[in-house]
Amino acid sequence: MSIKEEAAKMKLASPLMASAPAEKRNSALLHMIENLEAGKEKIFAANRIDLAAAKASGLPPAVMKRLAFDEGKLADSISGIRQLISLPDPVGKVTLARQLDEGLRLYRVTCPIGVIAMIFEARPDAMIQISSLAVKSGNCAILKGGKETKETNRVLFSLLHEAATAADLPSEALFQAEQHSEIDELLACRESVDLIIPRGSNAFVQHIMSRTNIPVMGHADGICHIYVDKDYDMAKAIPIVIDAKTQYTAACNAAETLLVHRDIAKDFLPVLEKAAGEKNIHLRGTKEAGEIIPLNIIEDDDFRHEYLDLVLAVKIVSGVEEAIDHINRYGSHHTDAIITENINTAARFMQLVDSAGVYQNASTRFADGFRYGFGAEVGISTGKLHARGPVGLEGLLSYKYKLFGKGHIVEDYACHKKDFHFKEL
């Protein structure tokens, strides 16, 4: 059966999935945990095959790190599912209740989006995140992972799909596409697929966005900044910068650029250089920064580069206004942080930096659905419509208006024959 036919089946099944009671959806999540724990050796064996093939093909270390699926990632994935189970049911929430006139009541109620296609590179844990989030939010999901983890993805999907059907959810709730040739067919399923979420490189995401008329949610780059203000605390600044760069270098929320206030540059940069050297971080930066510490000199356009490696670009700025201008000009609107003890400076930074996440005195690595208490995330959106930042349950919901009348007709209200009497319920 073709992807188009499978998507059409899922579209028809999506109302059944949307109406499945919360108890049944949570039961499927419990089955997922049980299956993942019982099948972990099978998962790890498949992942070893993928890693060996990836190593033989010469994939860079940053990608290899994303490919790996070990005890730690399994534990994180299961913890995310448990958190999802503990969250209240997001479906069927009344977000507006209004009487339009006597006997005429309007309600806005949350509902699943419908059929979501998740196309992702490298990371097998994304298979677990999107499957569990789709089930909890009442959506159907088409999952297309990268060829780099095809063996791991195949085992994971089998365990997750079996868990959903064991809880008596529609068998069409989850579907795995495995062939690369199926992507273009999937991108053409406008009638059946409601949303596409791509996760991968800039080039990959741009490719998806340019080849479909289906709404796409996601981000292409993760150029995150940390600005160290003149009113900073050294004891906080160094650990934050090092964590943001090294805790998971290949992540889209890892810091790529460090902006430093000119007034404190001569004190701060030598300490940073020592800490960076201990973590094998390679520093690049402007000529002015290079006059204080040794680094490779780069030009302004180089600040648009996402390294995903132990490389940090450094620039000295005159103050918060120049830092804001630089971030809005060269950043990707993902996550940016200020290190300062001045609440007014922090407030201005957080108000004017046009990013999905703005932090004070905290690592950019906190930009994550699990760390936000969402249970997991399907990705991070830098757009401004529908969902922004880490996309968890709420980002996978839409809403519908339900109107209850008693024989009301619009003609009675035409030309002010009768007035509306709005009242919040």
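Each value, and the rule that gives it
- Residues numbered from 1 in each chain as written.
- Predicted model: local features only at pLDDT ≥ 70, side-chain atom pairs only at ≥ 80, totals over all residues.
- Heavy atoms only, no water.
- UniProt positions renumbered as here; feature names shortened; annotations may be inferred.
- Domains from an automatic or database assignment.
- Contact = heavy atoms within 4.5 Å.
- Buried area = accessible area lost by both parts, 1.4 Å probe.
- Salt bridge = Lys/Arg side-chain N within 4 Å of Asp/Glu carboxyl O.
- Polar contact = N/O pair within 3.5 Å; in protein donor to acceptor, adjacent residues only side chain to side chain.
- Helix = DSSP H or I, 4+ residues; strand = E, 2+ residues; numbered from the N terminus.
- Buried < 20%, exposed > 50% of the residue type's maximum accessible area, 1.4 Å probe, protein only.
- Core = buried A, V, L, I, M, F, W, Y, C linked by side-chain atoms within 4.5 Å.
- Pairing = 2+ DSSP bridges.

The protein has the name Gamma-glutamyl phosphate reductase in an unreviewed UniProt entry, where Dialister invisus DSM 15470 is given as its organism. Quoted straight from UniProt, the Sequence similarities (unreviewed entry) entry for the protein says "Belongs to the gamma-glutamyl phosphate reductase family."

**Some details on the domain arrangement of the protein**
When the parts come together, some accessible area is lost, and that loss is often what is quoted as the size of the interface. For the protein, the domain assignment lists domain 1 (3-217 + 378-401) and domain 2 (224-372). Each of domain 1 and domain 2 has a C-alpha centre, and the two are 32 Å apart. Each partner contributes to the interface: domain 1 provides 14 residues, whereas domain 2 provides 18 residues. In terms of surface lost to domain 2, no three residues of domain 1 exceed Arg66, Ile380 and Pro390, which account for 36% of the buried area on that side. One salt bridge in this structure joins Asp354 and Arg388, with 3.3 Å as the shortest N-O distance. Connecting domain 1 to domain 2 are two residue pairs in polar contact (both at pLDDT 80 or more).

**Let's talk about the side chain of Ser77**
In this structure, Ser77 sits in helix H5 (residues 71-86). A residue is classified by how much of its surface remains accessible, and Ser77, at 9% relative accessible area, is buried. Those residues within four positions of Ser77 in sequence are excluded, and the remaining contacts are Phe69, Asp125 and Ile128.

**Some points on the nonpolar core**
The biggest cluster of nonpolar side chains holds 67 residues, and the ones touching the most others in it are Met32, Leu36, Ile119, Ile142, Val193, Ile196 and Ile197. If near-sequence neighbours (up to four positions away) are discounted, Ile142 is found in contact with Ala7, Met10, Val115, Ile116, Ala117, Met118, Phe175, Leu186 and Val193. Core analysis: the second largest hydrophobic core is formed by 33 residues, Ala237, Ile242, Val260 and Ile380 among them.

**Some details on the sheet that holds strand S1 (residues 94-101)**
Think of a sheet as strands paired side by side through backbone hydrogen bonds, with each pair either parallel or antiparallel. Taken together, the four strands give an open sheet; going across it, the order is S16-S2-S1-S17, and neighbouring strands pair in antiparallel fashion. Both edges of this open sheet fall to strand S16 (397-404) and strand S17 (423-424), since each of them pairs with a single strand only. Here S1 pairs with S17 via two bridges, running antiparallel. Paired with Gln99 across the two strands is Lys423, which belongs to S17.

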